[in-house]
Amino acid sequence: MEGALTARDRVGIQDFVLLDETTDAAFLSNLKKRFSKDLIYTYIGTLLVSVNPYKELDIYNYKQMDLYMGVNFFELPPHIYALADNAYHTMLTEFNNHFILISGESGAGKTEASKKILQYYAVSCPSTTLLNSVRDKMLMSNPVLEAFGNAKTLKNDNSSRFGKYMDIQFDSQGDAVGGHILNYLLEKSRVVHQNHGERNFHIFYQLVEGGEEDLLHKLGLERDCHHYDYLTQGECAIVSSINDRNDWKTVKNALQIINIDEININHLFGTVASVLHLGNVRFDSDSKGRAQLNKNNAELRWVSDLLGVDAHSLHEGLTYRKIEAKKDQVLSPFTIDHAIYVRDALAKAIYGQTFTWLVNRINESMENKDLSRKTVIGLLDIYGFEVFYVNSFEQFCINYCNEKLQQLFIQLTLKAEQEEYEAEDIEWEPVQFFNNKIICDLVEEKHRGIISILDEECLRPGDATDLTFLERLEERMSNHPHFVTHKLADKMTRKTLERGDFRLLHYAGEVTYCVVGFLDKNNDLLYKNIKDLICQSKNAIISESFSTMDSDNMRRPETVATQFKSSLLKLTDILMAKDAWYIRCLKPNESKQPGHFDEALVRHQVKYLGLMEHLRVRRAGFAYRRKYEVFLKRYKPLCPATWPHWRGLPADGVEVLAQHLGYLPDEYKMGRTKIFIRHPRTLYATEDAFEKCKHDLATRLQAKYKGYKAKGEFKKQKEAATKIETCWRGVQARKERDRRAWAVKVIKKFIKGYMTRGQAKNTDNSEYLAFVRQNYLNRLKGNLPKTVLDKTTWQTPPAVLTETSEILRKLHYRLMVRKYVRGITPQKKAQFQMKLLTSSMFKGKKESYPQSVAQPFVDTRISEQDINMRVLQIIRNEHIKYSVPVIKYDRNGFKPRPRQLVLTQRAAHVIQEAKITQTVPYTSLTGISVSNLTDGMIVFHIVCEAPKQKGALIVQCDTLFEFLTKLSIIANKQNAIQVVQGSIKFEIQAGKESAVEFSSGQEPAVYKAKNGHLMVVVARARTR
C-alpha cells in the first residue's frame, strides 16, 4: 500500500486513514477520484469500502485470486479478495472465529460481495471431492435463496428482502467442511402487496415464465404473470433486465445440487403455486354484508389440491372464524375486508414457513457430521438503512437492525483499537464519537421502548388500532429528543408530518414512519381453525413446516417485532464472540449508470454507514502503524546506518532510521512490535524520500550490474567464438577432404565409362551411359519443336539413344498434331476442306496458287443488300450460295463489262443492275478453263444446241480460286475444271469458235488481237 502513495494525486489514497484531513469533503473527493479510475475498493484500516461500478470489471478472475492468496493485507491494492484472504489466514493462525459484516443500501452490491467471497474461498481452499461438494452447495445456495428471498425494488433489481448470516466451517487444515445459514425478517408482506414499480419474489415469475408446460399444467398455472393478482400490483411483472427463464434453469439445477429430492421439489413448486392461486381467490358480499366466495371457486380447488387439505374446510376457514366458548364452538362470519386479511395472512404464513423450511434443508445439506472443533468465518449480508417515500413496519425493523449493528460496529472498532494500543504499550487517548445507545434503547428498552408499546397495543383487548398505538407512543415518548410526531412537533416540523406519522432521529438521519399496518404486520396471526387445517396438509413441506406450531397452545405467539428483537440480540451475541471484518457497500447513483458519481447520495450513505465515525476512531491516535520488520525492510535505504543490512534488532534499526529522517518525538511512538506514526504527512514525506532514493539506488545498481554483465558476457562470447571457429574449421576441412575424395572417384568412373561407351552395358559404363541419357533428355526437354512444321530443330541423339530418339520424335509430332487437330473449330475445318479441294485442283498447275493459300475464303463477296431487289424476287425460289463481282467480256468484240455473278443451288446468274443478262444452268456447263499463269480469266464452256443460244461465258475474277472452289462444290464440277497452257478455245455460237490466248509481258493487258482472238497479257514475275 505504501508504494501507492506516490500515485496519490492521480488515483487517490488507498487507505482513508492516511488522508491529511478527516473531513467529509476530503473523504468524498478521494472516493470520487478512485471511482473515476474504476478503483472501487478503498480501506479504512482493515475496513473495506466498496462502490458499486454498475458494470463488469476484470478484477475477479483466477489470476487476481492467485495474486491475493497468502499476501499481506496492505501489500497489494485494496480488494475484497485481500480482506477474505486475511480473514482466512488470521483464522488459521490464531485458530479463532471471524465474521465479515457486509452492509449498505439496497443496490449497493452486498449480495455480489458475499458471492465474490464465497467464490474466493471455493478456489483458494484445499480441494477434494468431498470438499468440492460442500463448496458447490455453498455456492448454489445463493441462487436458491435469491430466487425465494430477493425481489425487484425501486432501487435494485435483485434486492435481498431478508437478512442472511452464513457460517463457513473450516477444519484445522483450512478445508471448508460445512456451513450453516441463519435468516432474519423475511419481508412476507411483499407476497401479498408490492409498491408501484416493484415485483414479488423472483421465484413466482421464474415458475410462470420458465416452468415446463407439463409442470404448469400439473400446478394449474398459465404462462402469463398478469393472470395472478399477487404478481401485478407493482405493474412491472416483466422486466427487460431480468431473464426469468434462464434463472429458472439455474434454480432447478441448484436445488438438485443441494440434495433436495424430486418429490420435495414438486411439493416446493406446488406450495409456490398454491400462493398464486390463493391470491386469485375473490370474495363477494351477501345481503347481510358477510363474505362469501365468488361463484368461480376453481382457484380454491387448486389451493386445496396443492396443499392437500379439504376444500370445504378451507372454504370455511377463509369465510368464518371458529370461536371456542367453553365446550362449544361458534362460527363467526367474516366481512370481505376481514376475509381478504385472512387470505393474505395464510399466503404470507405459507410462504414464510416454506422459506424457513428451504433454509433448514440447505443447512442439512451443508452440515458437517464431524464433531471435532471447527473454526468459522461468518458472512453477514444484512439489509442496509432504508429511507423510502413511505416507510412502514419493515423499514422500522430494518433500521433498528442497522442501529444495533452500528452500535456493535463502534464497540468492536474501539475495542480492537484499544486492545492494539494496550498490546503495544501505547497510551490510549479517549475518542469522541456519537453513541447511538439512546436510539437503541428508544426502540428496544423493556416496558418503555417502541417495540414493547407496540406489543402491548397488539395484546390489549378492545379496539386497538394503529392510531391508538401512535397515541400511546406520544404519551410515553413525549420528552424523548429522538422522537417526534405531528402532535409533539413545533410549527415548522409539523408541516412535514402527517397525523399518522412518527419520526425517529437515527444516527444516520431522520426517518418518518407511517403507523398504518404496524399492528397487523406485528401480529401476523393465523386463526386457530386455519392453523389446524394447514397442519393436516398432505403436502410434505407444509405439514413439516407448520408442525412446529403448537396449535393446542392457547398462549398468544410472540409478535414479529419481539421475534426479530430476540434474533437480533442472539446475532449480536454471536458476532461479539468473533473477530470482525467489515465491508461497507455504497451505490454511486440511483439510476445504476456506470461512471456517474452522485456526491449528495454518497455523502448520505457515508453518514448512515458511520464511515466517518470509524475513520475518526482509527485516526484518534496514530494514523499509521506497521511492524518493525516491515517498516525497516521498506525504508532502510534512506539511512546509511541501516543500508544495506541492519545487524541488530529491528526495533533499534527503526529507531535509528526515525532519528535520521528527523521524526519529532510527538510524531511517532515505538511500541513493542510496531512503530506508530501520528500524521499522514510524516509518512508521505518518508515515502517521497524513499521514491527518490529508490531511483538513485536503481541507477547505481543498474550501472554496476550492467558493467558486470557486459564483462562476463564479453568473456563468454570470446570463448564461445574461439570454440566455434575451431570446430568450424575442423568441420570445413573434413567436408573438403570428403568432397575431393568423392570428386576423384566420380571423375575416374566417368573417364572409364567414356572409354567403354561403345561396349555393351556393364559395371564400368552403366553410370556414364545413364548420365549421357539424362543429359540428352534434359537438352531435348528444353528444345522440343514448337510446331508441326518444324522438322529441323530435333536434337541429334548420341549413338546409344538413336532408336529411342526416333520413337520420342514420332510421339512428340503425333502429340502436336493431335493438339492441333483438337484445337480446330468447325469453321476452320470447313476452310481447310475447301483449301484442300483447291489444292487438288490447282497445286502445281497455276502459278498464282501459292499466293492464294494464305488468303482465307469468305462465305460471299456480295451481300444480299447489294443485289437489286427485282433480281432477288426473280431468283427467290433458289438459295443464293455465293456472289462475287466479275468483269464479263462480250463474245463479239470482247468488250469488258462489270457484272455480278451469283451462284444459286441450280445455276449461275450474270446480273447487270436490275436484270439477269445470262443464266447458266449447271447441267449445261460442260467445262471450265483457266490458264496456268497468274491471271484471273475464267472460260465457262456451255452446250450450244440452238443456233441463237449464247455460247461460252468469259469472265475475269480477282478471287478466282475461291470462286471456282465454291462453284465446284455447289455444282459438283471438280472434274470439269481444267488448267490450260497457251490458249483456250471456246464456242461463241453453235458451229462458231474463237480463242483466248495468254502470254507474258512487261505490263498486264486484255485486248482483242488482229486475228479476232482475245489476247491476255500477264505480267512477268519479278525476280530479286
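Owing to the predicted nature of the structure, the values given are computational and were not obtained by experimental measurement.

Participant: What's the story with the overall build of the protein in this structure? I'm lost.
Facilitator: In terms of helices and strands, the protein carries 34 helices and 31 strands. Compactness check: the protein gives a C-alpha radius of gyration of 58 Å against a globular reference of 31 Å for 1024 residues, more than 25% above the reference. Taking the intrachain contacts of the protein between residues at least 6 apart in sequence as the baseline, contacts between residues at least 24 apart amount to 63%. Within the structure as shown, the protein displays about 52900 Å² of accessible surface, and the carbon and sulfur contribution to it stands at 52%.

Participant: Explanation requested: the packing of aromatic side chains in the structure shown.
Facilitator: The geometry of an aromatic ring pair comes down to the distance between the two centres and the angle between the two planes. Enumeration over the complete set of coordinates arrives at 29 aromatic pairs. Aromatic pair Tyr882 and Phe963: ring centres 6.4 Å apart, planes at 35°, arrangement tilted. With Tyr882 in strand S20 (residues 880-889) and Phe963 in helix H34 (residues 960-971), this residue pair connects regions lying 81 residues apart in the sequence. With respect to class, Tyr882 is no different from Phe963; both count as buried. An aromatic cluster is built from Phe393, Phe396, Phe469, Phe483, Phe502, Tyr513 and Phe518, whose rings are joined through pairwise contacts. The residue whose ring lies beneath Lys116 is Tyr60, and the NZ or CZ to ring-centre distance is 4.8 Å. Sitting over the face of the ring of Tyr205, Arg199 holds its NZ or CZ atom 3.9 Å from the ring centroid.

Participant: Looking at this structure, I do not really get a negative patch on the surface. What am I missing?
Facilitator: Taken together, the side chains of Glu94, Glu419, Glu422 and Asp579 make up a negatively charged region of the molecular surface. For Glu419, the location among the structural elements is in helix H15 (residues 393-423).

Participant: Is there a simple way to explain the sheet that holds strand S25 (residues 937-942) in this structure?
Facilitator: What holds strands together in a sheet is hydrogen bonding between their backbones, with the strands either parallel or antiparallel. Spatially, S23-S22-S21-S20-S26-S25-S24-S27 is the arrangement adopted by the eight strands of the open sheet, whose pairing is mixed. Among the strands making up the open sheet, the edge pair consists of strand S23 (915-921) and strand S27 (977-980). The sheet shows a mean angle of 35° between the axes of neighbouring strands, direction not considered. Judged from the four bridges that link them, strand S21 (residues 896-904) and strand S22 (residues 907-912) form a sheet pairing that is antiparallel. When the sheet's bridge partners are listed, Leu903 is paired in S22 with Ala908.

Participant: Is there a simple way to explain the side chain of Asn589 in this structure?
Facilitator: With respect to the helices and strands, the residue Asn589 is situated in the loop between strand S16 (579-586) and helix H24 (599-608). In terms of polar contacts, Asn589 uses its side chain to reach the backbone amide nitrogen of Ser591, at 3.1 Å. In terms of polar contacts, Asn589 uses its side chain to reach the backbone carbonyl oxygen of Gln593, at 2.9 Å.

Participant: Before we go on, may I ask you to explain the packing of helix H13 (residues 311-319) against helix H21 (residues 528-535) in this structure?
Facilitator: Helix packing geometry: the angle between the two helix axes and the distance between the axes. Following both chains from N to C, one finds H13 and H21 inclined at 155°, their axes separated by 9 Å at the closest point. Between H13 and H21, the angle falls in the class roughly antiparallel. By crossing handedness, the relation of H13 to H21 is classed as left-handed. Across from Ser313, Leu314, Gly317 and Leu318 in H13, the residues of H21 making contact are Asn529, Ile530 and Leu533. Residue composition of the contact of H13 with H21, by class: four nonpolar, three polar and no charged.

Participant: What is the right way to read the pattern of salt bridges from this model?
Facilitator: Once their charged atoms are close, side chains differing in charge can pair, the charge on each being opposite to the other. Tallied over the full model, the rule gives 38 salt bridges. One network of salt bridges, with partners in common, ties together Glu112, Lys115, Lys116 and Glu146.

Participant: Quick question: what am I supposed to make of the nonpolar core here?
Facilitator: Side chains of a nonpolar character, in soluble globular proteins, are inclined to be buried together. In terms of nonpolar packing, the biggest core is built from 113 residues, with Ile100, Tyr121, Phe148, Phe204 and Leu255 touching the most fellow members. In terms of residue count, helix H14 (residues 336-366) provides more of this core than any other element does, 14 residues in total. Residue contacts for Ile100: discarding those within four places in its chain leaves Leu83, Ala87, Ile117, Tyr121, Ile377, Gly378, Leu379, Leu380, Trp581 and Ile583. Judged by nonpolar contacts, the second largest core, of 92 residues, contains Leu414, Phe469, Leu638 and Ala658.

Participant: I'm lost on the pairing of S25 in this one. Help?
Facilitator: Both faces of the sheet carry side chains from a regular strand, because those side chains alternate between them. Along S25, six of the six residues are buried, which leaves the element largely enclosed by surrounding structure. With burial as the criterion, each face of S25 is covered, one bearing Met937, Val939 and His941 and the other bearing Ile938, Phe940 and Ile942. As paired strands, strand S24 (residues 925-931) and S25 are joined by four bridges and run antiparallel to one another. The residue of S25 that forms the bridge with Leu925 is Ile942. Turn length for the S24-S25 hairpin, with the two strands adjacent in sequence and antiparallel, is five residues. Direction of pairing for S25 relative to strand S26 (residues 953-956): antiparallel, over a ladder of four bridges.

Participant: Is there a simple way to explain the environment of Gln795 in this structure?
Facilitator: Examined against the element boundaries, Gln795 turns out to sit in the loop between helix H29 (766-782) and helix H30 (802-822). In the structure, Gln795 is positioned 139 residues away from Thr934 in sequence and 41 Å away in space, judged by C-alpha atoms.

Participant: What should I look at first to understand a positive patch on the surface in this one?
Facilitator: Judged by side-chain charge, Lys491, Arg494, Lys495 and Arg499 come together as a positively charged surface patch. With respect to the helices and strands, the residue Arg499 is situated in the loop between helix H19 (491-494) and strand S14 (501-506).

Participant: It is not clear to me how the packing of H15 against helix H25 (residues 611-619) should be interpreted in this structure. Could you clarify?
Facilitator: The N-to-C vectors of H15 and H25 enclose an angle of 10°; their axes lie 10 Å apart at closest approach. Taken together, the axes of H15 and H25 are roughly parallel relative to one another. Note on packing geometry: the crossing formed by H15 with H25 is right-handed. For the pair H15 and H25, the contacting residues are Gln406, Phe409, Ile410, Thr413, Leu414 and Glu417 in the first and Glu613, His614, Val617 and Arg618 in the second.

Participant: Can you walk me through the sheet that holds strand S15 (residues 509-514) in this structure?
Facilitator: Ordered in space as S13-S14-S15, the three strands form an open sheet in which the pairing is antiparallel. Edge positions in the sheet fall to strand S13 (483-485) and S15, since each of these pairs with one other strand and no more. Direction aside, the axes of adjacent strands within the sheet are offset by 25° on average. Across three bridges, S13 lies against S14 in antiparallel orientation. Paired with Thr485 across the strands is Phe502, a residue of S14.

Participant: What's the story with H15 in this structure? I'm lost.
Facilitator: The periodicity of an α-helix, 3.6 residues per turn, causes residues three or four places apart in sequence to face the same way. Its 31 residues give H15 an end-to-end C-alpha distance of 45 Å, which sits within 8% of 45 Å, the value for a rise of 1.5 Å per residue. Across the 31 residues of H15, 24 count as buried, placing the element largely inside the fold. Immediately beyond the C-terminal end of H15, within one or two residues, lies Asp425, with a positive phi of roughly 60°.

Participant: In this structure, what is going on with a nonpolar patch on the surface? I would like to understand it.
Facilitator: Nonpolar side chains collect at one region of the surface, where Ile747, Ile751, Tyr754 and Met755 lie side by side and expose about 440 Å² of accessible area between them. Mapped onto the elements, Ile747 comes out in helix H28 (residues 680-755).

Participant: I would appreciate a short explanation of the state of the cysteines in the present structure.
Facilitator: Linking two cysteines covalently via their sulfur atoms produces the bond known as a disulfide. Throughout the structure, instances matching the rule amount to zero disulfides. Cys236 takes part in no disulfide bond, and the closest cysteine sulfur to it belongs to Cys225, at a distance of 11 Å.

Participant: Just checking my understanding: could you explain helix H27 (residues 650-661) for this structure?
Facilitator: Between the first and last C-alpha of H27 there are 16 Å, a value that for twelve residues agrees with the 16 Å anticipated at 1.5 Å per step. Within the span of H27, buried status applies to Gly653, Val654, Leu657 and Ala658. Looking straight down H27, one finds that the buried residues subtend no more than 135° of arc, so they occupy a single side. Each element contacted by the buried residues of H27 is listed here: helix H26 (628-635), strand S18 (668-670) and strand S19 (674-677).

Participant: Whenever I open this one, unusual backbone geometry confuses me. Can you help?
Facilitator: The phi angle of most residues is negative, glycine excepted, and most peptide bonds adopt the trans form. Positive phi outside glycine occurs at Lys592, with the angle close to 60°. For Lys592, a relative accessible area of 30% corresponds to the partly exposed category. Although it is not a glycine, Glu913 sits at a positive phi angle of roughly 50°.

Participant: I would appreciate a short explanation of the pairing of S19 in the present structure.
Facilitator: The side-chain alternation of S19 yields two buried faces, one formed by Lys674 and Phe676 and the other by Ile675 and Ile677. In the sheet, strand S17 (residues 624-627) pairs with S19 via four bridges, with the strands oriented antiparallel. The residue bridging Tyr624 from the neighbouring strand is Ile677, located in S19. Where S18 and S19 come together, three bridges link them in antiparallel fashion. Its bridge partner being in S19, Lys669 is matched across the sheet by Phe676.

Rules behind the numbers
Residues numbered from 1 in each chain as written. Predicted model: local features only at pLDDT ≥ 70, side-chain atom pairs only at ≥ 80, totals over all residues. Heavy atoms only, no water. Helix = DSSP H or I, 4+ residues; strand = E, 2+ residues; numbered from the N terminus. Rg over C-alpha atoms; globule rule 2.2 N^0.38 Å. Contact = heavy atoms within 4.5 Å. Areas by Shrake-Rupley, 256 points an atom, 1.4 Å probe, with all protein chains shown as cover. Phe/Tyr/Trp six-rings, centres within 6.5 Å; stacked < 30°, edge-to-face > 60°. Buried < 20%, exposed > 50% of the residue type's maximum accessible area, 1.4 Å probe, protein only. Lys NZ or Arg CZ within 6 Å of the ring centre and 35° of its normal. Patch = residues over 30% accessible without salt bridge, like charges linked within 9 Å, V, L, I, M, F, W, Y side chains within 5 Å. Salt bridge = Lys/Arg side-chain N within 4 Å of Asp/Glu carboxyl O. Lys, Arg positive; Asp, Glu negative; His and termini not counted. Charge placed at Lys NZ, Arg CZ, Asp CG, Glu CD. Pairing = 2+ DSSP bridges. Axes fitted to C-alpha atoms, helices over the stretch in contact; angles between N-to-C directions. Polar contact = N/O pair within 3.5 Å; in protein donor to acceptor, adjacent residues only side chain to side chain. Parallel < 35°, antiparallel > 145°, perpendicular 65-115°, else oblique. Left-handed = near helix turned anticlockwise from the far one by under 90°. Nonpolar A, V, L, I, M, F, W, Y, C, P; charged D, E, K, R; others polar. Core = buried A, V, L, I, M, F, W, Y, C linked by side-chain atoms within 4.5 Å. Expected span 1.5 Å × (residues − 1). Disulfide = S-S within 2.5 Å. Arc of directions from axis to C-beta.

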